[in-house]
Each structure stands twice: as structure tokens, then as C-alpha cells.
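One letter stands for each residue in the lines below.
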Amino acid sequence: MKRVYVNEKWCLGCHLCEYECAFAATGLSDIVKALKGKPVYPRIRVEEGDGVCFSVNCRHCREPLCVQSCISGALSVGGDGVVRIDREKCVGCLTCVLVCPYGAVMPAPDGHAAMKCQLCTDNACGEPNCVKHCPNNAIVYEERG
Amino acid sequence: MNMYLYPEYEVVRDESRCISCRVCERQCANLVHSFDAETGKMSADSAKCVNCHRCVCLCPSHALKIVKSDDTYKVNANWDNQTINEVYKQANSGGVLLSSMGNPKPYPVYWDKMLVNASQVTNPPIDPLREPMETQIYLGKRSVTIERDERGKLKDTLAPQLKLRVPVMFSAMSYGSISYNAHEALARAAEELGTFYNTGEGGLHKDFYRYGKNTIVQVASGRFGVFKDYLENAAAIEIKMGQGAKPGIGGHLPGAKITADVSETRMIPQGVDAISPAPHHDIYSIEDLRQLVYSLKEATEYKKPVIVKIAAVHNAAAIASGIARSGADIIAIDGYRGGTGAAPTRIRDHVGIPIELALAQVDQRLRDEGIRDEVSLVVGGSVRSSADVVKAIAMGADACYIGTAALLALGCHLCRSCHEGKCNWGIATQRPDLVKRLNPDLGYKRLVNLVTAWDHEIREMMGGMGINSVEALRGNRLMLRGIGLTDAELRILGIRYAGESM
């Protein structure tokens, strides 16, 4: 399946991906209306240190620990390989947040459920918005064996 | 006391659109933007801004713009604001003013005072989408001697040629003045386009040897990085006698840009200023030049064309005539609007002549002397569009060099601050965190797009004239007419005034 990959060689640490991710999740068409004066909840995070930076979001593992650990069956792997979370089923125990080795699952803003990258299949973008707006092609969306 | 100078440009933030994402802050190497955690708002210090537009381009909510400051001294047609500020700067520092990129002064642009012909009725135009249209050219000596072997067959006596799929090459820009990634983008684009890029005087990084078939290596007065492998890995060798942006002086790459990699490539110590002398210390005559031309030919077994590059100066025609007789295969002329990574402001802005006039005079002189076929002519120094290329070819050029246009394609916004080494676009810098901002995967595609687009436009303009090859357009000055030019300008350009018929 096509996944989001990051190449730290080209990541500038500009954090645009975080804002574009949060913007995509709002479903609004105006980034100002969506984000101005509001807390931002991206599903992708830029990690920085020692002159290296790269963004991290859900790897969509073949055998995801989050899915195995989910006590309510809210997390599942779809037929397309995308790991999704069903907010209705999620009880907000946040076990998935604890077990994800990449730190790619996080509590949703309301605190009652978890949230994660679903490759923008859960919004109107059509393709991952972080990839579309990365100014240096550091984040790519492609098939890799 | 340092005189306070009000910033020339101001950063304007639309507070109603700014989402305080701090992208501008992270992307500005000049530290213009800052975030106030108390108010949650961004602010900008315009005094540090060089107007490179990096923040404007990356701002996700388009909340930023940069405007010319309207602060002014008492209006004076003789002492304009810039002139006064330059006096203050020099009174502050006691130093020579430095600038980068091409001459920005409002001198006439002759490309914009020439109009191209088109066919009507009596000679049909050609549709380049339906009929063959040739933009491929060869550079090198055209003159051949007729010799036959013992069986009476003609011997191939044609000197080595460069084959270009488009009549556009990338100008000399050294590794050091521009970044590794910028060089990689140029090299890859030249390979894909079937044309050439030029190493400039900074040597050739070993990683780029594989692009050798599309590389022109330069031998300049500093001889940086010149050795056997360098010459052997090139398609052609260019002797740089002068540069349009700074005729009559050498180069100066500050020690801060001589990183380990640049030092190895240039073969000079790390961190030490790289100074190339104004003259080649072994060239004081055409005869001396001839010795270097033939030394380089001898070293490469007469397999590669040798280019001699000069700045467009008052007696360019006579110099070119000498170069054509020195054994060089190609003459490159660089106009006074050509770019640079650093030049003294006064020299950049006041020395040299327009490439259009130099080209007209050189081509005419070589024709008059019957030696035009001895050399190809390549011109650069602000070739800004395909229309400029078409006009240059009709004036008599074989091909054009583009430098500034290529850098613009890579992201340059002509802030003319290359000499500060903090290029926010990752082009004119050696700072690793800035260099990585130019991903060659993206950069080379933009270069390929640009030149491909120009190639289409050249075909269309030639088609309109009823001409189906660059070879047939070359030196065809009847295809040009002047507009808004004096008799002297028309005479020097060798063209008629708009409205005058064939």
C-alpha cells in the first residue's frame, strides 16, 4: 500500500505539515478560519534534535500494536491497509497511545477518544495534506515494497 | 556614531490572517520574525529583512507581504535616497560597498527595444506542432580544410563540437558561490535537457564527475581545482578572462564559504578567502592566450572545444577578433547585467556595456574579417526569456547562457544578498541547514520545465517568422526591428527601425 514516508535529509523543520494536517482535519476551506486563535491538534509531529529533524505520523503497521491492544475494538486495519479508529467505539482508555512505538497515536482534543493519521481518507483532501504542502518534498506518499 | 538608516523594505503582517504557526520565524536565516509567547503574536524586525520572500512564499495563510518603505529624505532628483544612504553606509564603515546578482540600475534594456518579424501571405508561417522545427545546434569551429586520404576519400577535419538540444546553457556558477544542491540541480537538468552547465571557477566536486558529458569546466585566473581529472571529465573547457558583473576585477569568495568540501574541490585551505586575481598572471596578450588555449587542447588531446569568456566591454569586438585567432573554438560574451555572488557595487553598476550592443559589434566584426566561422558565439548577461534568446540568435549568437533565470527557477527571489552567505533558498550559501532547503529532485525538474517551456516558445516564434531552424535564424537581423532607438543605436545594433521594410 501507499504510505507516508519522510526523508530527514530534506526535512527543514518548518512544521508546515503539522498545521496543514490540523487544517485538513477541520474540514474547513479557509486556513485562517480553521486555525486562527485556536489550539492546533495535528496527527503528524516534527521531532527535532542535534541538527536532525523529521516528521512522524502513523506508519500503518502490518501488525499494529495499537489494534492488538485496543480493548473496545475501535481500532482496525481496513481492507486498504489503513489503520483507522472508530470514535464511536473508542472508550478513551488511551492504551493505543501508550503502546504505539512511534508516538503516532494521540488523545483527541476532547480527551474522550484517541486520534491518529488516517492518510486523509477521513477528510476531503483526497491525498495526505502534509505531503501536498511539504515545501521540500521531505514527506512523500508512495508504494515501497 | 553610526547613522541610523530606515529599512528599505518593510515586512507587513496581516494580523487578521496570521495563525502564529511560526513558519516564518523558522525559515528566516536573518532572524526577522519572532514570536511573543505572552501575547501569542508574531512580530517582524524589518531592519534585518533582505526581501528574499522566503516567509511570504511559505506562510500557509498568506498573511505576509513585503513593501517598499515610503520613508524618504527630502525628494531630490540628484541625491536620491539610495545615493544618500550609500554615502552614510560608507561614512559608517569606511568600506567598499558590496552587492550581488546583476546590475539593477535603470539603463536601457535593448532586448525590449527590438521587435521580431512574422510571416504574412507571401511567406507562410510554420506550425511547429505539425511541421519539423529544429532547435538543436552545434557549437565549435565551422571552418574545415579539405583533405583527402590516400584512397581519395574526404578526411574528417571538423574540430570537436558541442551538441545542444536547445540553444540555452547554464552559466558558470562555482561550487562555493552556490551550494552543492544547486550544482546538482543544474547538472541533472543539463543532462536531461541535452545541454551544458558550467562549473565556474570553483572546481568540480567528485560526485558530479558522472555528469561530465554535460559539464563545461572553467579555468579562471585563480586556477582553483584545475587538474587532470577535472579537464578530462568535461565536455568543454572555458577560460574565464572576465565576468559581466565585474569586468576588470577578479573574484573573492569569503573564507566562511570555504567549507571542507569546497576546500577539497577548490584545492585551497579551509576557511581561507579564495581570491582570484584580476588578470591571468600568464596572459597579457592574444599570443599568451593562445598558449593557454593550446595547453588545454594538448592536455585533452584536442578532443574538447575550448571556450574563452570575456566581459562585454568597450572594445569587445577587437578582443573577440583576437580570441577567434587564438585557436579558441567558442567565444562567450557576458553583458554588464550578468549576475554574481559578490561584486563591488560601483563596478557592478557602472562598468561594462550591454550584451546586445557587444554581440552586434562582435558578430559584425568577425563577419567583416571573414572569421565568423572560426568560432561560435555564446552570449549571457541577462537573457531573461525565450524572446531574448530569439533576439540574441537573430543578432548573431549561436546560443545563450542563462544564470539568473536558472537561479530564479531554483527559488531565488533576487534579493541580491548572496554575498552575505545566508541564502534562505539554499542557493548562495554553504550553511548545511540552509543548503538542505534546496532539494535537487524538485530543483532540477523546475530547471527542465523552464528550458522546455522556452524551447516551445522559441519554436513558436521561429515558426511565425517562417523559419524552421535555429541555424537559419542565426544572424538574420532582417528579422529584427528597433523601437525607441536613436540612429547611433540602430547603427551599432545593425538593425532597421520598426516600420522600415526589407
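The rules we used
- Going along each chain's sequence as written, the residues are numbered from 1 onward.
- Whichever chain is written first is A, and whichever ligand is written first is 1; the rest continue in order.
- This being a predicted model, a pLDDT of at least 70 is required before a residue's local features are given, and a value of 80 or more before pairs of side-chain atoms are given or counted; all residues contribute to the totals for chains, interfaces and linings.
- Hydrogens and water molecules were not included; the side-chain quantities draw on all heavy atoms of the structure.
- Helix numbering and strand numbering both begin at the N terminus, where a helix is a DSSP run of H or I of at least 4 residues and a strand a DSSP run of E of at least 2.
- The size measure is the radius of gyration over C-alpha atoms, and the globule rule it meets is 2.2 Å times the number of residues to the 0.38 power.
- Exposure classes here rest on a 1.4 Å probe applied to the protein chains alone. A residue is buried below 20% of its type maximum, exposed above 50%, and partly exposed in between.
- Contact criterion: two residues are considered in contact whenever any of their non-hydrogen atoms come within 4.5 Å of each other.
- Accessibility throughout is a Shrake-Rupley quantity obtained with a 1.4 Å probe, and a residue counts as covered only by protein chains that appear here.
- Throughout the structure description, domain borders are defined by an automatic or database domain assignment.
- By buried area we mean how much accessible surface two parts lose on assembly, using a 1.4 Å probe and totalling the loss over both.
- The working definition used for a salt bridge is a side-chain nitrogen of Lys or Arg within 4 Å of a carboxyl oxygen of Asp or Glu.
- Polar contact criterion, stated in full: a pair of N or O atoms within 3.5 Å, where within protein one must be able to donate a hydrogen and the other to accept it, and residues adjacent in sequence count only if both atoms are side-chain atoms.
- Each residue is assigned to one of three groups, with Ala, Val, Leu, Ile, Met, Phe, Trp, Tyr, Cys and Pro labelled nonpolar, Asp, Glu, Lys and Arg labelled charged, and all others, Gly among them, labelled polar.
- In this scheme, patches are assembled from residues that exceed 30% relative accessible area and form no salt bridge. Like charges are connected within 9 Å, while nonpolar side chains (Val, Leu, Ile, Met, Phe, Trp, Tyr) are connected within 5 Å.
- The rule for pairing is simple: two strands pair if DSSP sees at least two bridges between them.
- Between N-to-C directions, angles cover 0 to 180 degrees, with each direction set by a line fitted to C-alpha atoms, over the stretch in contact for helices.
- Aromatic rings from Phe, Tyr and Trp, with only the six-membered ring used for Trp, were paired whenever their centres fell within 6.5 Å, and each pair was classed as stacked if the ring planes differed by under 30 degrees, edge-to-face if by over 60, and tilted otherwise.
- Cavity: a set of points on a 1 Å grid over the protein atoms alone where a 1.4 Å probe fits but cannot get out. Pocket: an open set with protein on both sides within 12 Å along at least five of seven lines, its lining residues, like those of a cavity, having an atom within 4 Å of a point.
- Grid points are joined across faces, edges and corners, and a volume is the space filled by probe spheres set on the points.
- Between 65 and 115 degrees an angle is taken as roughly perpendicular, under 35 as roughly parallel, over 145 as roughly antiparallel, and anywhere else as oblique.
- Crossing handedness is defined as follows: a turn of the near helix away from the far one that is anticlockwise and smaller than a right angle gives a left-handed crossing, while the clockwise case is right-handed.
- You can read pLDDT as the predictor saying how much it trusts each residue, on a scale of 0 to 100.

### Structural notes on the overall build of chain B
Point 1. When its secondary structure is counted, chain B shows 16 helices and 21 strands.
Point 2. Scaling as 2.2 N^0.38, a compact globule of 502 residues should have a C-alpha radius of gyration of about 23 Å, and chain B matches this with 24 Å.
Point 3. If one aligns the C-alpha atoms of chain B with their principal axes, the spans along those axes are about 90 × 60 × 45 Å.
Point 4. Evaluated residue by residue, chain B yields a buried proportion of 53% over its 502 residues.
Point 5. By sequence separation, contacts in chain B at least 24 residues apart represent 68% of the contacts at least 6 residues apart.
Point 6. Only carbon and sulfur atoms are counted for the fraction: they give 52% of the accessible area of chain B, which is about 22200 Å².

### Some words on the domain arrangement of chain A
Residues and elements named next belong to chain A.
Point 1. Entries for chain A in the domain assignment read domain 1 (1–57 + 120–145) and domain 2 (61–116).
Point 2. Centre-to-centre, using C-alpha coordinates, domain 1 lies 19 Å away from domain 2.
Point 3. Opposite the 11 residues of domain 1 that make contact, domain 2 presents 12 residues.
Point 4. Both faces considered, domain 1 and domain 2 share a buried interface measuring about 930 Å² in area, 59% of it formed by carbon and sulfur atoms.
Point 5. The largest per-residue losses of area from domain 1 upon contact with domain 2 belong to Met 1, Tyr 41 and Arg 43, which jointly make up 48% of the total buried on that side.
Point 6. Connecting domain 1 to domain 2 are 0 salt bridges.
Point 7. Run the count over domain 1 and domain 2 and you get 1 residue pair in polar contact (both at pLDDT 80 or more).
Point 8. Split into classes, the residues belonging to the side of domain 1 that touches domain 2 amount to 4 nonpolar, 3 polar and 4 charged.

### Concerning a nonpolar patch on the surface
Point 1. Among the surface-exposed residues, Val 144, Ile 146, Leu 154 and Leu 158 of chain B lie close enough to one another that they form a single nonpolar patch of about 400 Å² accessible area.
Point 2. Summarising the element assignment, Leu 154 of chain B is placed in the loop between strand E7 (137–139) and strand E8 (162–164).

### What to know about the sheet that holds strand E11 (residues 215–219) of chain B
Strands pair in a sheet through their backbones, by hydrogen bonds, and they do so in one of two ways: parallel or antiparallel.
Residue and element names in this part refer to chain B.
Point 1. Read from one edge of the open sheet, 8 strands run E9-E19-E18-E16-E15-E12-E11-E10, paired in parallel fashion. Across the chains shown, the open sheet's two edge strands, defined by having one partner strand only, are strand E9 (168–170) and strand E10 (197–198).
Point 2. With respect to the sheet, helix H8 (residues 316–324) is in contact with strand E15 (306–311) and strand E16 (330–334), its orientation differing from that of E15 by roughly 165 degrees.
Point 3. Against the sheet, helix H14 (residues 440–465) contacts E9 and strand E19 (399–402), and its axis sits at roughly 160 degrees relative to E9.

### Concerning the pattern of salt bridges
Residues and elements named next belong to chain B.
Point 1. Applying the stated criterion to the full structure yields 31 salt bridges over all chains.
Point 2. Across the salt bridge formed by Asp 45 and Lys 48, the nearest N and O atoms sit 3.9 Å from each other.
Point 3. For Asp 45, a relative accessible area of 32% corresponds to the partly exposed category.
Point 4. A salt bridge links Asp 433 to Arg 431, with the shortest nitrogen-to-oxygen separation between them at 2.9 Å.
Point 5. Among the charged side chains, a network of salt bridges with common partners joins Arg 142, Asp 363, Arg 367, Arg 372, Asp 398, Glu 471, Arg 474 and Arg 477.

### Here we look at the packing of aromatic side chains
All names here are of chain B.
Point 1. All told, the structure shown has 6 aromatic pairs over all chains when counted by the stated rule.
Point 2. Centroid distance Tyr 107 to Tyr 336: 5.5 Å. Interplanar angle 45 degrees. Geometry classified as tilted. Of this pair, Tyr 107 sits in the loop between strand E5 (98–99) and strand E6 (114–116) while Tyr 336 sits in the loop between E16 and strand E17 (343–344), and the two are 229 residues apart along the sequence.
Point 3. Using a relative accessible area of 7% as the deciding quantity, one classes Tyr 336 as buried.
Point 4. Centroid distance Tyr 294 to Tyr 302: 6.3 Å. Interplanar angle 50 degrees. Geometry classified as tilted.
Point 5. A relative accessible area of 28% places Tyr 294 in the partly exposed class.
Point 6. Put simply, the rings of Tyr 175, Tyr 180, Phe 208 and Tyr 211 touch in pairs and so form one group of aromatic residues.

### Digging into the layout of surface pockets
All names here are of chain B.
Point 1. Taken as a whole, the largest pocket spans an internal volume of roughly 1400 Å³.
Point 2. Glu 8, Tyr 9, Cys 49, Gln 82 and Lys 89 are, among the 39 residues lining the largest pocket, the residues nearest its centre.
Point 3. Of all the elements in the fold, those that place two or more residues in the lining of the largest pocket are helix H3 (81–93), E5 and helix H9 (345–350).
Point 4. Take the lining of the largest pocket: its biggest share by element is 6 residues, from H3.
Point 5. Counting contributing residues per domain, the lining of the largest pocket is built from domain 1 (9–95) and domain 2 (170–469), each supplying no fewer than three.

### Considering the packing of helix H11 (residues 386–395) of chain B against H14 of chain B
Residues and elements named next belong to chain B.
Point 1. It is at 9 Å that the axes of H11 and H14 come closest, and there the two elements cross at 50 degrees. Viewed along their axes, H11 and H14 adopt a mutual orientation that is oblique. Seen from above, H11 lies across H14 with right-handed handedness. Where H11 approaches H14, its residues Ser 386, Ala 387, Val 389 and Val 390 are matched on the opposing element by Trp 454, Glu 457, Ile 458, Met 461 and Met 465.
Point 2. Tallied by class, the residues present in the contact of H11 with H14 amount to 7 nonpolar, 1 polar and 1 charged.

### Remarks on the side chain of Asp 388 of chain B
Residue and element names in this part refer to chain B.
Point 1. Here Asp 388 lies in helix H11.
Point 2. A distance of 2.8 Å separates a polar atom in the side chain of Asp 388 from the backbone nitrogen of Arg 384.
Point 3. With residues near it in sequence (within four places) discarded, Asp 388 still touches Trp 111, Ser 382 and Val 383.

### What about the environment of Gln 82 of chain B?
Residue and element names in this part refer to chain B.
Point 1. Take Gln 82: it is sitting in helix H3.
Point 2. Overall, Gln 82 belongs to the partly exposed group, its relative accessible area being 41%.
Point 3. In sequence terms Gln 82 and Thr 72 are 10 residues apart; their C-alpha atoms lie 9.9 Å from each other.

### As for the sheet that holds E6 of chain B
Residue and element names in this part refer to chain B.
Point 1. The strand order across the open sheet built from 3 strands is E6-E20-E21, with neighbouring strands paired in mixed fashion. With partners counted over all chains shown, the strands left at the sheet margins are E6 and strand E21 (496–497), one partner each.
Point 2. Where strand E20 (residues 480–482) lies against E21, 2 bridges are found, and the strand directions are parallel. Following the sheet pairing, Arg 481 is matched in E21 by Arg 496.
Point 3. Across the face of the sheet, H11 comes into contact with E6 and E20 while running at roughly 90 degrees to E6.

### A short note on the confidence of the model for chain B
Point 1. This prediction gives chain B a mean pLDDT of 96; 100% of its residues lie at or above 70.
Point 2. Both scores are given for the predicted complex: the pTM is 0.96, the ipTM 0.93.

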